[in-house]
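Take a look at the letters that make up each chain.
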Amino acid sequence: MAYVYVNLVLKDAEKMAAYRQKAGAALAKHGAKPLVSSPQQTVIEGQRDETGIGVILEFPTVDAAQAWISDPELAATHALRRAAGDCAITLLA
């Protein structure tokens, strides 16, 4: 398994709503499933930049996670997410 951590500081709720309509199919295409999603995060040790919506995704492999983020057929879906706010995506593998 491979895990992906997403932190999205929301800037545009309408674009986020449009992204959510497409996100499930985009994840399913690469065998991913969301394990947890939270509208807010709390740093309990150390310091970090601003947090927002936090999501942990599970992929069957590292290759599947990398294929999801670089899939040209999902470019418009990823663009919606980027337009929704400031997003950082981290592969935990």
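One can find the structure itself at the top, above this paragraph.
Computed from a prediction, not measured in an experiment: that's the story for all the values here.

Draft legend 1. The overall build of the protein chain, seen in detail. Per the secondary structure count, the protein chain includes 3 helices and 4 strands. When the helices and strands of the protein chain are placed in sequence order, the string is β-α-β-β-α-α-β. Its C-alpha radius of gyration of 13 Å places the protein chain within 12% of the 12 Å reference for a compact globule of 93 residues. With respect to the principal axes defined by its C-alpha atoms, the protein chain has extents near 35 × 30 × 20 Å. When contacts within the protein chain are restricted to residue pairs at least 6 apart in sequence, long-range pairs at least 24 apart make up 74% of them. Counting 9 positive and 10 negative side-chain charges, the protein chain places the centres of these two groups 5 Å from one another.

Draft legend 2. Main features of the side chain of His30. By the secondary structure assignment, His30 is in the loop between helix H1 (13-29) and strand S2 (33-38). Given the relative accessible area of 15%, His30 is considered buried.

Draft legend 3. Layout of the layout of surface pockets. In this structure, the largest pocket encloses a volume near 270 Å³. Considering the residues around the largest pocket, the lining is formed by 15 residues, among which Met16, Tyr19, Ala23, Val55 and Leu57 are closest to the centre. Elements that contribute at least two residues to the lining of the largest pocket include exactly strand S1 (2-10), H1, S2 and strand S3 (53-59). Top element by residues in the lining of the largest pocket is H1. It accounts for 6 residues. Along the lines of polarity and charge, the residues of the lining of the largest pocket split into 11 nonpolar, 2 polar and 2 charged.

Draft legend 4. Quick look at the side chain of Asn7. Considering the arrangement of structural elements, one finds Asn7 in strand S1. Engagement of the side chain of Asn7 in a polar contact is seen with the side chain of Gln41, the distance being 2.6 Å. Separated by 3.0 Å, the side chain of Asn7 and the backbone nitrogen of Gly52 make a polar contact. Those residues in contact with Asn7, other than ones at most four positions away along the chain, are Gln41, Arg48, Glu50, Thr51, Gly52, Ile53, Asp86, Cys87 and Ala88.

Draft legend 5. Local environment of H1. Over its 17 residues, H1 runs 25 Å from end to end, which matches the ideal 24 Å to within 8%, given 1.5 Å per residue. Maximum bend of H1: about 40°, positioned at Lys22. The opening residue of H1, the one whose side-chain oxygen lies 3.1 Å from the backbone nitrogen of Glu14, is Asp12.

Conventions used here
Residues numbered from 1 in each chain as written. Predicted model: local features only at pLDDT ≥ 70, side-chain atom pairs only at ≥ 80, totals over all residues. Heavy atoms only, no water. Helix = DSSP H or I, 4+ residues; strand = E, 2+ residues; numbered from the N terminus. Rg over C-alpha atoms; globule rule 2.2 N^0.38 Å. Contact = heavy atoms within 4.5 Å. Lys, Arg positive; Asp, Glu negative; His and termini not counted. Charge placed at Lys NZ, Arg CZ, Asp CG, Glu CD. Buried < 20%, exposed > 50% of the residue type's maximum accessible area, 1.4 Å probe, protein only. 1 Å grid on protein atoms, 1.4 Å probe; cavity = no way out; pocket = protein on both sides within 12 Å on 5 of 7 lines; lining within 4 Å. Points joined across faces, edges and corners; volume = space filled by probe spheres on them. Nonpolar A, V, L, I, M, F, W, Y, C, P; charged D, E, K, R; others polar. Polar contact = N/O pair within 3.5 Å; in protein donor to acceptor, adjacent residues only side chain to side chain. Expected span 1.5 Å × (residues − 1). Bend = angle between axes of the 7 residues up to and from the residue.

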